[in-house]
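Below, each chain spelled out in residue letters.
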Amino acid sequence: MKRRIIALALVTAMSFSLMACGEKKTEETNPEEKVEKQEAVEDTSMKIAPVDISEKTVGYNVLDYVTLGDYKGIEVELKGDYEYTEEGYTKYVDSLFTDDKLYVKDDSVKEVAADSVVNVDYVGKKDNKAFEGGSAEDVVIDVAANASIEGTTYIEGFTKDLAGAKVGDTIDSKVTFPKEYQSAELAGQEVVFTFTVNYVMKKANLDAMTMEQKATQLGYDSFDEFTKETKKSYEDKLKRKLDSDTRMMVIDTVCKNASVEKYPQEILDARMKIYIDQLEAQSNQYGATLEEFVKMGMGIEYDEYEKMIREELEDSYKQELVFEAVARTEKMTLEDKEYEEYITSMIQSSNGMFSNVENMYQMYATPVMSGETYTQLQAYSEKGLKFCIDNAKVTK
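Because the structure is predicted, anything quoted here is derived from the model rather than measured.

So, on to the overall build of the protein chain. The helix and strand tally for the protein chain stands at eleven helices and ten strands. Counting over 396 residues, the protein chain shows a buried share of 41%.

Next up on the list: the pattern of salt bridges. A side chain with one charge may pair with a side chain of the opposite charge, provided their charged atoms come close. Summed over the entire model, instances satisfying the criterion amount to 20 salt bridges. Put simply, Glu 338 and Lys 383 hold a salt bridge, and the shortest N to O gap is 2.9 Å. Taken together, the positions of Glu 338 in helix α9 (residues 336-348) and Lys 383 in helix α11 (residues 371-391) put the pair 45 residues apart, joining distant regions of the chain. Among the ionic pairs, Lys 386 bridges to Asp 390, the shortest N-O distance being 2.9 Å. Of this pair, Lys 386 and Asp 390 both sit in helix α11, four residues apart, roughly one helical turn.

Two faces, one strand: in a regular strand the side chains alternate between the faces of the sheet. Here eight bridges tie strand β4 (residues 117-126) to strand β5 (residues 129-142), and the two strands are oriented antiparallel to one another. Each bridged residue has a counterpart across the sheet, and for Val 118 the counterpart in β5 is Ile 141. As consecutive antiparallel partners, β4 and β5 are separated by two residues, and within that stretch Asp 127 has a phi angle of approximately 55°, a positive value.

Topologically, Val 368 is positioned in the loop between α10 (357-364) and α11. It is 8.7 Å that separates the C-alpha atoms of Val 368 and Gly 59, two residues lying 309 residues apart in sequence. In contact with Val 368, other than residues within four places in its own chain, are Glu 266, Ile 267 and Ala 270.

Let's shift gears to the confidence of the model for the protein chain. Taken as a whole, the protein chain shows an average pLDDT of 87; of its residues, 88% reach a score of 70 or greater. Note on residues 1-16: pLDDT is under 50 here. Beyond four places in sequence and across chains, it has 33 contacts. This model gives residues 18-46 a pLDDT under 50, and the stretch forms 66 contacts once residues within four places in sequence are excluded.

What follows covers the environment of Gly 88. Note that Gly 88 resides in helix α3 (residues 86-95). The buried category is assigned to Gly 88, whose relative accessible area is 17%. When the C-alpha atoms of Gly 88 and Tyr 234 are compared, they prove to be 8.5 Å apart, with 146 residues separating the residues in sequence.

Looking now at the packing of aromatic side chains. All chains considered together, the criterion is met by 22 aromatic pairs. Taken together, a centroid distance of 6.0 Å and an interplanar angle of 90° make the contact between Tyr 60 and Tyr 65 edge-to-face. Each member of the pair, Tyr 60 together with Tyr 65, is buried. Centre to centre, the rings of Phe 354 and Tyr 364 are 5.8 Å apart; their planes meet at 55°, and the pair counts as tilted. With Phe 354 in the loop between α9 and α10 and Tyr 364 in helix α10, the pair connects residues that are ten residues apart, well separated along the chain. Taking relative accessible area as the criterion, Phe 354 reaches 3% and is therefore assigned buried. Taken together, the ring pairs connect Tyr 122, Phe 131, Tyr 154, Phe 158, Phe 177, Tyr 181, Phe 193 and Phe 195 into an aromatic cluster.

Moving on to a negative patch on the surface. A surface patch of negative charge is lined by Glu 280, Glu 291, Glu 292 and Asp 303. Examined against the element boundaries, Glu 292 turns out to sit in helix α7 (residues 290-298). By relative accessible area, which is 46% here, Glu 292 ends up partly exposed.

Of the residues making up α7, those classed as buried are Leu 290, Phe 293, Val 294, Gly 297 and Met 298. For α7, the angular spread of buried residues about the axis comes to 100°, placing them on one side.

Our next topic: the side chain of Gln 376. With respect to the element layout, Gln 376 can be found in helix α11. Look at Gln 376 and you get buried, because its relative accessible area is 2%. Within the structure, Gln 376 has its side chain in polar contact with the backbone nitrogen of Asp 52 (distance 3.0 Å). Contact partners of Gln 376, with chain neighbours within four places excluded, come to Ala 49, Pro 50, Val 51, Asp 52, Ile 53, Leu 334 and Tyr 339.

For the pair α7 and helix α8 (residues 302-329), interaxial distance at closest approach is 9 Å and the crossing angle is 75°. Compared by their axis directions, α7 and α8 come out roughly perpendicular. Of the residues in α8, those in contact with Leu 290, Glu 291, Val 294 and Met 298 of α7 are Tyr 302, Tyr 305 and Met 308. Of the residues assigned to the contact of α7 with α8, the class counts are six nonpolar, no polar and one charged.

Where helix α6 (residues 265-285) meets α7, the axes come as close as 9 Å, and the angle between the chain directions of the two elements is 85°. Between α6 and α7, the angle is such that the two are roughly perpendicular. Note on element contacts: α7 touches α6 through Leu 290, Phe 293 and Val 294, opposite Ile 276, Leu 279, Glu 280, Gln 282 and Ser 283.

Look at Asp 138: it is not a glycine, yet its phi comes out positive at around 55°. Along the chain, the position of Asp 138 falls in strand β5. Phi at Asn 146 is positive, roughly 55°, even though this residue is not glycine. Its location among the elements puts Asn 146 in the loop between β5 and β6 (147-148). In this structure Asn 146 comes out as buried when scored by relative accessible area, which is 14%.

Each value, and the rule that gives it
- Residues numbered from 1 in each chain as written.
- Predicted model: local features only at pLDDT ≥ 70, side-chain atom pairs only at ≥ 80, totals over all residues.
- Heavy atoms only, no water.
- Helix = DSSP H or I, 4+ residues; strand = E, 2+ residues; numbered from the N terminus.
- Buried < 20%, exposed > 50% of the residue type's maximum accessible area, 1.4 Å probe, protein only.
- Salt bridge = Lys/Arg side-chain N within 4 Å of Asp/Glu carboxyl O.
- Pairing = 2+ DSSP bridges.
- Contact = heavy atoms within 4.5 Å.
- pLDDT = per-residue confidence, 0-100.
- Phe/Tyr/Trp six-rings, centres within 6.5 Å; stacked < 30°, edge-to-face > 60°.
- Patch = residues over 30% accessible without salt bridge, like charges linked within 9 Å, V, L, I, M, F, W, Y side chains within 5 Å.
- Areas by Shrake-Rupley, 256 points an atom, 1.4 Å probe, with all protein chains shown as cover.
- Lys, Arg positive; Asp, Glu negative; His and termini not counted.
- Charge placed at Lys NZ, Arg CZ, Asp CG, Glu CD.
- Arc of directions from axis to C-beta.
- Polar contact = N/O pair within 3.5 Å; in protein donor to acceptor, adjacent residues only side chain to side chain.
- Axes fitted to C-alpha atoms, helices over the stretch in contact; angles between N-to-C directions.
- Parallel < 35°, antiparallel > 145°, perpendicular 65-115°, else oblique.
- Nonpolar A, V, L, I, M, F, W, Y, C, P; charged D, E, K, R; others polar.

Okay, here's the thing in structure tokens:
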């Protein structure tokens, strides 16, 4: 639902949380051509000031707000599947079959039907000349949906002439680009797409396929390579799940054992204000008042929404304070090198949200605490959490 996506995206972007840093489909003529863009990450080593998370700098003593319960050697019981099994491995391999891999060649069908899935090559021409981005090979198309099998929609009428064509046929199909098309050269223009029908496809029956057949379908040149890579990937996934579930259970248990009767109110209020200011800026882009935007986005009144967001912020802030309290109680220090590693990891895992240290500091800055101090406290809280994880008695 679009309205909820808008609202939840805002919550995700603006939540100050210890847990926070752990395709759009477009109309195009060549959906198979994908370019992955790697965001550059600047070197942070010379831009990070020495760590200072003293009470004077932070502005409060966390132990005035947090009463810790048991946190060292806590017992944590996990109930997930974390051990390698052949059944689990098979399910993992089957999960690798994305939509474009779920179809296989059907030699029994020689003619394209209106609801067929077909493998084709095509060349788009305007005035008998191939135009840029208009050609592709080995493309899997859902004729009825006028889309690639991955779901990328084509311009109207793109697949209309494929029904009735036979395997091996080459056919021409006239298509007119919409007037609002992104390319000025093609907008509103009539072009011809020449299709070569390679074969008709059918949905794969994964249960009936051998591992060797699955390896071939997934594009592996050798079965040994397939086995080695997929088994390692499956084992890595199990390890990540174990680590993630352990982390979440430790957070939950330690926070439940602790009590936070009050918060450093100025800091909490400042975070709330930044979130609301961002929300208001978003509402202005839609030409709506804050109240109208919330109603449109979440289907609830603004007062109710504000209360919900404050509770979310308090919950995430409690986590930070509790594990900061653990670190203070254990008299931990945060070395400059540790902080530098934490910042580098934050930037690299931010999916482009942070391009450099300054950008991250700006994101987390409030009138009562600099972004630098905030992220140093995050790193310090993370160290307290790691201490609890390392000392937890985990059963599974």
